[in-house]
Amino acid sequence: MATAYDLSENHPDIENGARVPFVAVEDLHKTFGIHKVLNGVTLRVSRGETLAVLGRSGTGKSVLLRLIIGLETPDSGTVRIHAQDIAGLTLDQMGAIRKKMGFLFQHAALYDSLTVGENVGFPLAHHRRDLSQAERTRRVNQLLVEVGMEGNQGKMPSDISGGMQKRVGLARALALEPEILLLDEPTAGLDPISSGEIDDLILKLQRERQMASIVVTHDLHSARTIANRLALLDQGKVVVEGAFEDLQQSDIGFVKQFLKQS
Amino acid sequence: MSNSESISAAGIDPPFGEPAKIPWSAITAPVTRPVNGVLEWFGCLGIFSWKALKAAATPPYEWRELVRQLDEVGSKSFPLVALAGAAIGVVISLEARYSLSRFGAKSMFPATLVYSVVQVMGPIITGLVVSGRVGAGMGAELASMKVTEQIDAIEASAINPYRLLAAPRIVACILMLPLLTLAADACALVTGWFAQAMVESLSFHQFINSGFNGATFNSFLPQTFKTAVYGLIIGLIACFQGMRTRGGAEGVGRAATNSVVLASLFLILADVVLVKLILVVFP
């Protein structure tokens, strides 16, 4: 991309040549009405890698995640999951791909009529009908322990705090043991202590599970903590991509301003 | 840019005698925009119906959710439907007695009550009551799930939301409407007879015998089972309005209102077609 500062020379896919990225986004465009949200975004994320997507509000960060998981359709460009183009897939074909992906929504999007335990067990109940009820319950408890929410199985989502809801949302996203994890503002609206806890949790999960993760965030501190690479979006394009040090060395005005204000 | 165009662009009236150039699309917009909106709505409803009915017809089926919806649509609507049926029975009884007495046709009272309740009032009143209660409830519930991204979360979990949410609700409406209609009819007949029995001696046995005298299955079954079509309309429109909602609390309110209004309207319009169809198919 001629206009973007591509600082990703140390990208693991390029080093290893033949290695196929888990997520490959090529020249993605998306418009809502007259508002062009994405204007040619290209990104790749491999196994064990965490990419943080940063940018101002309304620059299409969340839309990018929704396009990757197929909740929105791009105007042009491609999204490949494990080298498979998701354009034109039926709901059932897309379902097979989504089973390999976990999505944490910005406001957790827990099912408000189900308990915490039922929320976490929801994907298991629908996709792992081969498991006994006891085994499903054991897995739900294990996931809740993993996110530090043990003992809260019977509570309703409305009875727990925002930070706890995000933990439960994360446990639900991990229920099918995904290879790709998409996190939409995992620390937004949380106090610094809760944000730090969520960051530590994401780091721990990354170490243990070696997923390919994309984290959309405003929080530069959080992005530095959890991501191997950062991509900064402006006016629908990736203006810079690389390690935090690469961003610091960038001479693009917007990048400097973003780092200064963060 | 011509002189007149530059004047128009600057927001200044063109010189006298020179007509202002207004784009053709701007002239037709007040007509074409609402027409396009209506056509788009029907197109989206068609696509939604196809996806929802396909999900309802193909396994795996969401039995647990279906049972929950049968309870929601059937058991929980029963008191309201029964009450509405009972009230209608009394009203028709009072009106019929007065009108028939004027023409010296009091002996026709049982048949008048039975036919007007079972063929006309029972189905339509049940449809409208369920449309109000269930249509608003489903529309608001699904709209609330939509605006809080719960439907997106279902889809992101690789679960078909049409299969999980729309199909059981639509099937529950289709199955429960005829049963609720039978309940409404029964209540209306009992209260109608009771209202008559209060003023003159008429046993329930006499009333039923006289009312159903000469009736065949064709006289009542098509009229009762046409309410399955009402159920389809209520379920489809409520799910469609709920699952396409945008905006926050305002969107939820709008979805609930639109569900009731549109379901009731289409139900009455469908009745016109169904009555004619039944008269042709079951003469």
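Definitions and cut-offs
- Residues numbered from 1 in each chain as written.
- Chains lettered and ligands numbered in written order.
- Predicted model: local features only at pLDDT ≥ 70, side-chain atom pairs only at ≥ 80, totals over all residues.
- Helix = DSSP H or I, 4+ residues; strand = E, 2+ residues; numbered from the N terminus.
- Rg over C-alpha atoms; globule rule 2.2 N^0.38 Å.
- Buried ≥ 20, exposed ≤ 12 C-beta atoms within 10 Å, placed from the backbone.
- Contact = placed C-beta atoms within 7 Å.
- Domains from an automatic or database assignment.
- Nonpolar A, V, L, I, M, F, W, Y, C, P; charged D, E, K, R; others polar.
- Pairing = 2+ DSSP bridges.
- Axes fitted to C-alpha atoms, helices over the stretch in contact; angles between N-to-C directions.
- Parallel < 35°, antiparallel > 145°, perpendicular 65-115°, else oblique.
- Left-handed = near helix turned anticlockwise from the far one by under 90°.

Re the overall build of chain B
Okay, so step 1: Counting its secondary structure elements, chain B contains 11 helices and zero strands.
Okay, so step 2: Ordered by position in the sequence, the α and β elements of chain B form the string α-α-α-α-α-α-α-α-α-α-α.
Okay, so step 3: Taken over C-alpha atoms, the radius of gyration comes to 26 Å for chain B, far larger than the 19 Å a tight globule of 283 residues would show.
Okay, so step 4: With the principal axes as the frame, chain B shows a C-alpha extent of 90 × 60 × 35 Å.
Okay, so step 5: Every one of the 283 residues in chain B was classed for burial, and the buried ones make up 41%.

Quick notes on helix α4 (residues 116-127) of chain A
Okay, so step 1: Regarding α4 of chain A, the residues found buried are V116, G117, N119, V120, G121, F122, P123 and L124 of chain A.
Okay, so step 2: Against the buried residues of α4 of chain A lie α5 (133-146) and α6 (162-174) of chain A.

A look at the domain arrangement of chain A
Interface size is commonly expressed as the accessible area that is lost once the parts come together.
All names here are of chain A.
Okay, so step 1: What the domain assignment lists for chain A is domain 1 (1-98 + 182-187 + 212-262) and domain 2 (101-177).
Okay, so step 2: Contributing elements (two or more residues each) for the side of domain 1 that touches domain 2: α3 (91-98) and β8 (180-184).
Okay, so step 3: For the side of domain 1 that touches domain 2, the element with the highest residue contribution is β8, accounting for three residues.
Okay, so step 4: Here the residues of the side of domain 1 that touches domain 2 are counted per class, giving five nonpolar, one polar and three charged.

Here we look at the sheet that holds strand β2 (residues 23-32) of chain A
Residue and element names in this part refer to chain A.
Okay, so step 1: With antiparallel pairing, four strands are arranged side by side in an open sheet as β3-β2-β5-β6. For this open sheet the edge positions go to β3 (35-45) and β6 (84-85), each flanked by a neighbour on one side alone.
Okay, so step 2: Of the pairings in the sheet, the one linking strand β5 (residues 76-81) to β6 comprises two bridges and is antiparallel in character. Following the sheet pairing, I81 is matched in β6 by Q84.
Okay, so step 3: With respect to the sheet, helix α2 (residues 61-68) is in contact with β2, β3 and β5, its orientation differing from that of β2 by roughly 120°.

A look at the packing of helix α2 (residues 24-57) of chain B against helix α10 (residues 227-243) of chain B
Residue and element names in this part refer to chain B.
Okay, so step 1: In the contact formed by α2 and α10, the axes pass within 10 Å of each other and the chain directions differ by 110°. Judged by the angle between their axes, α2 and α10 are roughly perpendicular. In the crossing of α2 with α10, the sense of the turn from one axis to the other is right-handed. Contact residues: L45, F48, S49 and A52 in α2; L236, C239 and F240 in α10.
Okay, so step 2: Its residues placed into classes, the contact of α2 with α10 shows six nonpolar, one polar and no charged.

Comments concerning the packing of helix α5 (residues 109-147) of chain B against α10 of chain B
Residue and element names in this part refer to chain B.
Okay, so step 1: Running from N to C, α5 and α10 point in directions that differ by 25°, and their axes come no closer than 7 Å. Between α5 and α10, the angle falls in the class roughly parallel. Crossing of α5 over α10 shows right-handed handedness.
Okay, so step 2: Here the contact of α5 with α10 is composed, by residue class, of 12 nonpolar, eight polar and two charged.

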